[in-house]
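Okay, here's what each chain looks like letter by letter:
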Amino acid sequence: MLPEVEAWLAGRTSSACDWPVNTLMAAKGSTTVSVVLPARDEAGTVGEIVSAIRRDLVDAVPLVDELIVIDSRSTDDTADRAVRAGAKVIAQDEILPELDGPDYDGKGEALWKSLAVTSGDLVVFVDADLREFSTSFVTGLLGPLLADPSVAYVKGCYDRPFIGAGERGARTGGRVTELVARPLLNLHWPLLAGFVQPLAGEYAGRREVLERVPFVSGYGVELALLIDLLDLVGLDALAQVDLGRRVHSHQTTEELGRMAGQIMHTAWSRLERHNKIIPMDAPSLRLVQFERGPDGHRPVEREIAVAERPAMATVPQYASRALR
């Protein structure tokens, strides 16, 4: 690990318990906070998360000013449960609809569009599939931002218990993290090697900074944000907070393969953009996987192309609304 990364790790890593609510309220002043949950078919968990945030951080103390769920084309009653729990729910396709297209889908799209319908100075993103959720996820991420104006972006880290054959209760960093994201960062962006969970879905940032970077529409959004923000604001403006334990549903190996493909495409785009590679050919946009059928294994091709939205501050439709 680079010496500057070791110094960053010691100085910019804290724990959620370091940031009690009363400390945050004292530091909040006139700063406004938006919490955003991107959600697609998360009816089983979204209501509990929203209820906890509203109970602890809206009703008990006015730390959170906006609590928004971006419904990303759910087919279950995610939206109804979120509304009943106390969130404002906005359908992804109703936000800047004039900019929609067939290539724009996925979590990153919901996050990008959330910037157009929230107003908080600080924006906290929390995945909607969490179980055993604690509002310390929100307070932990807000801590460094409220305490230090030089911090622009805070990433969560945690233990991820994985229940599987041979790994019962193991504290794994996530299979795609360990097999794809971490090797890529250590190889090409070693200044980011200190992030324990580079693909964590829980993070927070200053609006003025988030509006200045593009958002990848698919699974590569977390990796792209880290790389782009490092380039924009530098390592010392980034921080991470240990949130303890994160419990959520796990995807199949095939689904993780598609995720890995999108993350590799995202890394390729940044390598090319930052002149770290000289490409001879464009990478394939298709991933061939195999499924067993009655006649043996059959190939299945899936799209892994990565679309990208521009920095929100450059979108005329958003700029005109922001001035109103």
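Bear in mind the structure is a predicted one, so any value in this text is a computation, not a measurement.

1. Some points on the side chain of Arg246
Relative to the helices and strands, Arg246 resides in the loop between β11 (238-245) and β12 (247-248). One polar contact links Arg246 to Asp127, side chain to side chain, over a distance of 2.7 Å. Polar side-chain contacts of Arg246 include one of 3.1 Å to the side chain of Tyr158. Setting aside residues up to four positions removed in sequence, Arg246 forms contacts with Asp127, Asp129, Leu130, Phe137, Tyr158, Asp159, Arg160, Pro161, Gly201 and Glu202.

2. A few points about the pairing of strand β13 (residues 286-293)
Two strands pair when backbone bridges link them, and β13 and strand β14 (residues 296-303) are joined in this way by 8 bridges, in the antiparallel orientation. Bridge assignment links Arg292 to a residue of β14, and that residue is His297.

3. Digging into the pairing of strand β5 (residues 122-125)
Taking every second residue as pointing to the same face, both faces of β5 are buried, with Leu122 and Val124 on one and Val123 and Phe125 on the other. Relative to β5, strand β2 (residues 33-39) runs parallel, the two being bridged by 4 bridges. If you follow Val36 over to β5, its bridge partner there is Phe125. Sheet topology places β5 next to strand β9 (residues 203-206); 4 bridges connect them, and they run antiparallel. Looking at the pairing, Val123 lines up with Gly205 of β9.

Scoring rules and cut-offs
- Residues numbered from 1 in each chain as written.
- Predicted model: local features only at pLDDT ≥ 70, side-chain atom pairs only at ≥ 80, totals over all residues.
- Heavy atoms only, no water.
- Helix = DSSP H or I, 4+ residues; strand = E, 2+ residues; numbered from the N terminus.
- Polar contact = N/O pair within 3.5 Å; in protein donor to acceptor, adjacent residues only side chain to side chain.
- Contact = heavy atoms within 4.5 Å.
- Pairing = 2+ DSSP bridges.
- Buried < 20%, exposed > 50% of the residue type's maximum accessible area, 1.4 Å probe, protein only.

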